[in-house]
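One letter stands for each residue in the lines below.
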Amino acid sequence: MELRQLRYFVAVAEELNFGRAAERLWIAGPSLSQQIKSLERDLKVRLFDRDRRSVALTPAGTALLPHARALLDRAEDLQRMAGRLSGSDPVRLGYVNWLPTDLTARTSAVARVHLDAWVAPSHAQAARVADGSLDLAVCWVRTEDLERQDLTARLIGADQLYAVSTSAATGAVRARDTVVLVDDDTTSWSSWNVYAEELARATGAQVERISDNGITGPAFFDHVRRIGRPVINSPKGQTTPLPPDLVRRPVAPEVHWTWSLVRRADEVRPSVLAVVEALCDGVGDLGLRGDGVWLPDGDPHRHTPAS
């Protein structure tokens, strides 16, 4: 049992609707349902009676709800107390699925960094920095997102995306000969959908609309097999091993996804600014300024040659 699962349980108990609870938590509905089932298995008790039309707390769920709320409150109190005992509050850092491998080594000398357990999509993490729920977030953002929410961003990392294909060929494939997936679940995949549709407009790649969260994982591989053409992978699938019947192919031009370290534009706390410098100093341009590199027009790290 994890605190994250208790947060999910409380959200569903308060909304009595998995869809609304998923939107509130910024996660996909199927993921929320699986987490609740996992919690029920761990506790060995059914928490909800649910069918296609309604969701209701079981007697056990009703009895456990105040205790779950109390545990979450205690956990938050413990975090605040630890911050006071140390003499300063930790720098709260959120992320999507990627972090520098040397994050602790880089930041330990300048501040205490608290990694937020709520792993959420890029647009949600940027919004949490804007509203003060986080101090920093590693996420994908556009210039218009930064301007609208009064944020600023530094380049911290980048992924070069590739195509996954059923073909035995392993050579480079032109972007215009690839397919890019766009999911109907905009709560979970908003940033990716924006990126994917811009990639299609700019390069001629074909958009394939799906509704099963198959942007990554086994469902993604099933889509590759069904489509029969090279399909661009997502940043969340960068390190996933390929099944033996599929191959990885580079894309021309090189398709890159950037990771920004986002903070509020008016941030003045020395600890937060020190973490930004510790993580971003010396990162360089990560090869994003080379010829044959594609980034969306709205990417804050896109290099525009001088006229």
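Look up a bit, the structure's there.
A short tour of the structure in this document, coming up. (Residues numbered from 1 in each chain as written. Predicted model: local features only at pLDDT ≥ 70, side-chain atom pairs only at ≥ 80, totals over all residues. Heavy atoms only, no water.)

### Observations regarding the overall build of the protein chain
What counts, and what does not: In this text, helices come from DSSP runs of H or I with a minimum length of four residues, and strands from runs of E with a minimum of two, each type numbered from the N-terminal end. Between the two quantities, the radius of gyration covers C-alpha atoms and the globule rule is 2.2 Å times the number of residues to the power 0.38. Only protein chains enter the calculation, and the probe is 1.4 Å; a residue is then buried if its accessible area is under 20% of its type maximum, exposed if over 50%, and partly exposed in between. Any two residues whose heavy atoms approach within 4.5 Å at even a single point are treated as in contact.
In terms of helices and strands, the protein chain carries 10 helices and 15 strands. For a compact globule of 307 residues, the expected C-alpha radius of gyration is about 19 Å, and the protein chain comes in at 21 Å, within 12% of that figure. Overall, the C-alpha framework of the protein chain stretches about 60 × 50 × 35 Å when taken along its three principal axes. The buried share of the protein chain, taken over its 307 residues, is 46%. Pairs at least 24 residues apart make up 72% of the contacts formed inside the protein chain by residues separated by at least 6 positions.

### Examining the packing of helix H2 (residues 18-25) against helix H3 (residues 29-43)
The condition that has to hold: To get an axis, fit a line to the C-alpha atoms, keeping to the stretch in contact for a helix; angles then go from 0 to 180 degrees between the N-to-C directions. Convention used here: angles under 35 degrees read as roughly parallel, angles over 145 as roughly antiparallel, angles from 65 to 115 as roughly perpendicular, and any remaining angle as oblique. Under this grouping Gly is polar, as are all residues other than the nonpolar Ala, Val, Leu, Ile, Met, Phe, Trp, Tyr, Cys and Pro and the charged Asp, Glu, Lys and Arg.
At a closest axis distance of 9 Å, the pairing of H2 and H3 adopts a crossing angle of 100 degrees. With respect to H3, the element H2 is oriented roughly perpendicular. Across the interface between the two elements, Phe18, Ala21, Ala22 and Leu25 of H2 pack against Gly29, Leu32, Ser33 and Ile36 of H3. Here the contact of H2 with H3 is built from residues that sort into 6 nonpolar, 2 polar and no charged.

### Here's the deal with the pattern of salt bridges
Heads up, the rule is: A side-chain nitrogen of Lys or Arg and a carboxyl oxygen of Asp or Glu constitute a salt bridge if their distance falls within 4 Å.
Going through the model one piece at a time under the given rule, you end up with 24 salt bridges. In this structure, Arg209 engages Glu197 in a salt bridge whose closest nitrogen and oxygen atoms are separated by 3.0 Å. Taken together, the positions of Arg209 in strand S10 (residues 206-210) and Glu197 in helix H8 (residues 186-203) put the pair 12 residues apart, joining distant regions of the chain. Taking the relative accessible area as the measure of exposure, Arg209 reaches 53% and is therefore exposed. Shared partners join several salt bridges into a network, and the residues in it are Glu14, Glu15, Arg20, Arg24 and Arg69.

### Brief notes about the environment of Asp51
Looking at the element boundaries, Asp51 is found in the loop between strand S1 (48-50) and strand S2 (55-57). For Asp51, a relative accessible area of 51% translates into the label exposed. In this structure, the C-alpha to C-alpha distance between Asp51 and Leu103, residues 52 residues apart in sequence, is 44 Å.

### Let's talk about the side chain of Glu208
Basically, it comes down to this: Definition of a polar contact: a pair of N or O atoms within 3.5 Å, with one able to donate and the other able to accept a hydrogen when the atoms are protein atoms, and with sequence-neighbouring residues admitted only if both atoms are side-chain atoms.
Relative to the helices and strands, Glu208 is located in strand S10. Residue Glu208 is classed as buried on the basis of its relative accessible area, which comes to 18%. A polar side-chain atom of Glu208 sits 3.0 Å from a polar atom in the side chain of Arg226. Apart from the residues lying within four places of it in its own chain, the contact partners of Glu208 are Val179, Val180, Leu181, Val182, Arg226 and Ile227.

### Some details on the packing of aromatic side chains
How we decide: Side-chain rings of Phe, Tyr and Trp (the six-membered ring for Trp) are treated as a pair once their centres are within 6.5 Å; stacked means planes under 30 degrees apart, edge-to-face means over 60, and tilted covers the remaining angles.
Counting across every chain of the model gives 11 aromatic pairs. Each ring, one from Trp192 and one from Tyr195, has its centre 5.5 Å from the other, and the planes form 25 degrees; the classification is stacked. Here the residue Trp192 and the residue Tyr195 both occupy positions in helix H8, the gap between them amounting to 3 residues, near one helical turn. Each member of the pair, Trp192 together with Tyr195, is buried.

### Notes on H3
Since one α-helical turn is 3.6 residues long, residues separated by three or four positions face the same way. Put simply, the rule reads: Here the expected span of a helix is defined as 1.5 Å times the quantity of residues minus one.
Helix length check: H3, at 15 residues, gives a terminal C-alpha distance of 21 Å against a target of 21 Å (1.5 Å per residue), a fit within 8%. Every buried residue of H3 is listed here: Leu32, Ser33, Ile36, Ser38, Leu39 and Glu40. Downstream of H3 by a residue or two, Lys44 has a phi angle that is positive, lying close to 60 degrees.

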